[in-house]
Amino acid sequence: MRTQVAIVGAGPAGLMLAHLLRLGGIDSVVLERRSRDYVERRVRAGVLEHPTVELLREAGVADRLDREGMPHHGISLRFDGADHRIALSDLTGRSITVYGQQEVVKDLIAARVAAGEPLLFEVSDVMLDPATPLVTFTDAGGTRQELECDFIAGCDGSHGVCAPHVKATVHAHDYPFAWLGVLAQAPPSHSELIYTHHERGFALHSMRTPEITRLYLQVAPDERIDDWSDDRIWDELGRRLAADGFTLATGPILEKGITTMRSVVTEPMRQDHLFLAGDAAHIVPPTGAKGMNLAIADVWVLAEALGAYLREGRSDLLDAYDETCLRRVWRAEHFSWWMTSMLHQAPGADDFQRKLQLAQLRYVASSEAAATSLAENYVGLPLRR
Ligand code: APR
Ligand code: PHB
């Protein structure tokens, strides 16, 4: 088999890259180790930045997003038992859209299948040679295949096989807590997202649809999900999210899991003909809701750069790929770290640290300049600058 770009991984990064390349007349083959059903059901993040939504629209894959996505014009910071609204749209003229990552994935898979372009699920033992470049793998039927290509895109997430091929410096930071996330059959208890600072730990109220809530609790990184019965989860959410006039709607818990929190940046993001994008190159803690948006921003840059090279023989954009992406990535790393530090209770944190967090929260809630900075980062910095 031969293609122009071999893409490893069918998450938002790999699928969006394949789609953008196709719009630019460039062939690719996407290799995914899981089944279609698995990737379409995997519950992940759910906040799309303004530039992400615009790009999905421009790329013609936003019909369902425009029908079913939930536009949000503000978020709440809840502390001292009261809400302090950050008016995203009034402050920036832009908004965010709540739409599950797996819904984006479903829409991109549907577009790929409708176009009749190669997307191979349940492949195994993907191996690559970034210099030749060449990718080999075993297809779903058990046959070993060779895929010759001009470039390889490593879009295979944080535990993939591509990143280890890059001779890189890995900047990493582990946070001393994790998030327990639940998807519940309960209507949102408030029309907007609520980021809560509480002495028992951070809590987040989010949603997926008018019938489904997404909720998170800060827990210890070694916490076992089996120790969290549904009753215990609702009790703890009730305590942390308590505020005057607020009633937490409860219902059957459809899914629950624990995610550890890390910041990772791989520099550089390329080796020979291999380019990394999305979680394969960097991870942010979920507090700023940046993970999927960074993945989409990377592949927009990569698609433009590969297009310039493969169509016109221009290598300047490819040469600048790292620098272009890493500027945005480090901004998002800082923002995510800052939101995380302001809102979570670190083990062993003293009264001084809690006073600092509250001073920062009160400042963001009362200063238009500080709120605008949060809002500008939250709705997403423009892709074209
Ligand atoms: N071979 C083929 N596919 C692989 C391999 C492999 N060896 N290893 C991993 N994959 C697949 C995974 O099964 C997954 O479908 O690569 C895909 C990577 O997708 P994501 O993990 O969703 O990563 P990305 O597309 O970069 O999107 C980043 O995902 O984890 C969230 O918070 C993160 O929202 C962010 C988004
Ligand atoms: C989510 O809805 O899953 C979500 C929302 C906001 C975040 C993280 C996750 O910061």
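In this text the structure is predicted, and so the values were computed from the model without any measurement.

### Some thoughts on the site of ligand 2
Surveying the vicinity of ligand 2 reveals 14 residues, the closest of which are Tyr195, Ser206, Arg208, Tyr216 and Pro286. One of the side-chain N or O atoms of Tyr195 is found 2.6 Å from an oxygen atom in ligand 2. Considering ligand 2 on its own, with 280 Å² of exposed area, one finds that the protein chains cover 99% of that surface. Mapped by element, the contributors of at least two residues to the shell around ligand 2 are strand E14 (193–196), strand E15 (203–209) and strand E16 (212–219). The dominant element in the shell around ligand 2, judged by the number of residues it contributes, is E15, at three residues. Of the residues contributing to the shell around ligand 2, the split by class is nine nonpolar, three polar and two charged.

### So, the sheet that holds strand E10 (residues 134–138)
Pairing between the strands of a sheet is mediated by backbone hydrogen bonds and can be parallel or antiparallel. Ordered by their spatial adjacency, three strands build an open sheet running E9-E10-E11, and the pairing between neighbours is antiparallel. Each end of this open sheet is capped by a strand with a single partner; those strands are strand E9 (124–129) and strand E11 (144–148). Between one strand axis and the next, the sheet turns by 15° as a mean value, whatever way the strands run. In this sheet, E11 lies alongside E10 in antiparallel orientation, the contact comprising five bridges. Paired with Phe137 across the bridge in E11 is Gln145.

### Thoughts on the packing of helix H8 (residues 291–312) against helix H10 (residues 321–343)
Put simply, H8 and H10 touch, their axes get as near as 10 Å, and they point 165° apart. Between H8 and H10, the interaxial angle falls into the category roughly antiparallel. When you trace H8 past H10, the crossing you get is right-handed. Here Leu294, Ala297, Asp298, Val301 and Leu302 of H8 come into contact with H10, specifically with Tyr321, Thr324, Cys325, Arg328, Val329 and Ala332. When the residues that make up the contact of H8 with H10 are grouped by side-chain class, the tally is eight nonpolar, one polar and two charged.

### Points about the sheet that holds strand E18 (residues 270–271)
Strands sit in the order E8-E2-E1-E12-E19-E18 across an open sheet of six strands; the sheet is mixed. Bordering the open sheet on either side are strand E8 (119–120) and E18, each of which pairs with just one other strand. Of the pairings in the sheet, the one linking E18 to strand E19 (residues 274–276) comprises two bridges and is antiparallel in character. The residue of E19 that forms the bridge with Gln271 is Leu274.

### Some thoughts on the nonpolar core
Counting 73 residues, the largest nonpolar core has Ile7, Met16 and Leu17 as its most contacted members. Take this core: its biggest share by element is twelve residues, from H8. For Ile7, the residues in contact, after removing those within four places along its chain, are Gly14, Leu17, Ala18, Leu21, Ser28, Val29, Val30, Leu31, Ala153 and Cys155. If you look at the next biggest cluster of nonpolar residues, it comprises 34 residues, including Ile86, Trp179, Met261 and Ala375.

How each quantity is defined
Residues numbered from 1 in each chain as written. Chains lettered and ligands numbered in written order. Predicted model: local features only at pLDDT ≥ 70, side-chain atom pairs only at ≥ 80, totals over all residues. Heavy atoms only, no water. Near = heavy atom within 4 Å. Polar contact = N/O pair within 3.5 Å; in protein donor to acceptor, adjacent residues only side chain to side chain. Areas by Shrake-Rupley, 256 points an atom, 1.4 Å probe, with all protein chains shown as cover. Helix = DSSP H or I, 4+ residues; strand = E, 2+ residues; numbered from the N terminus. Nonpolar A, V, L, I, M, F, W, Y, C, P; charged D, E, K, R; others polar. Pairing = 2+ DSSP bridges. Axes fitted to C-alpha atoms, helices over the stretch in contact; angles between N-to-C directions. Parallel < 35°, antiparallel > 145°, perpendicular 65-115°, else oblique. Left-handed = near helix turned anticlockwise from the far one by under 90°. Contact = heavy atoms within 4.5 Å. Core = buried A, V, L, I, M, F, W, Y, C linked by side-chain atoms within 4.5 Å. Buried < 20%, exposed > 50% of the residue type's maximum accessible area, 1.4 Å probe, protein only.

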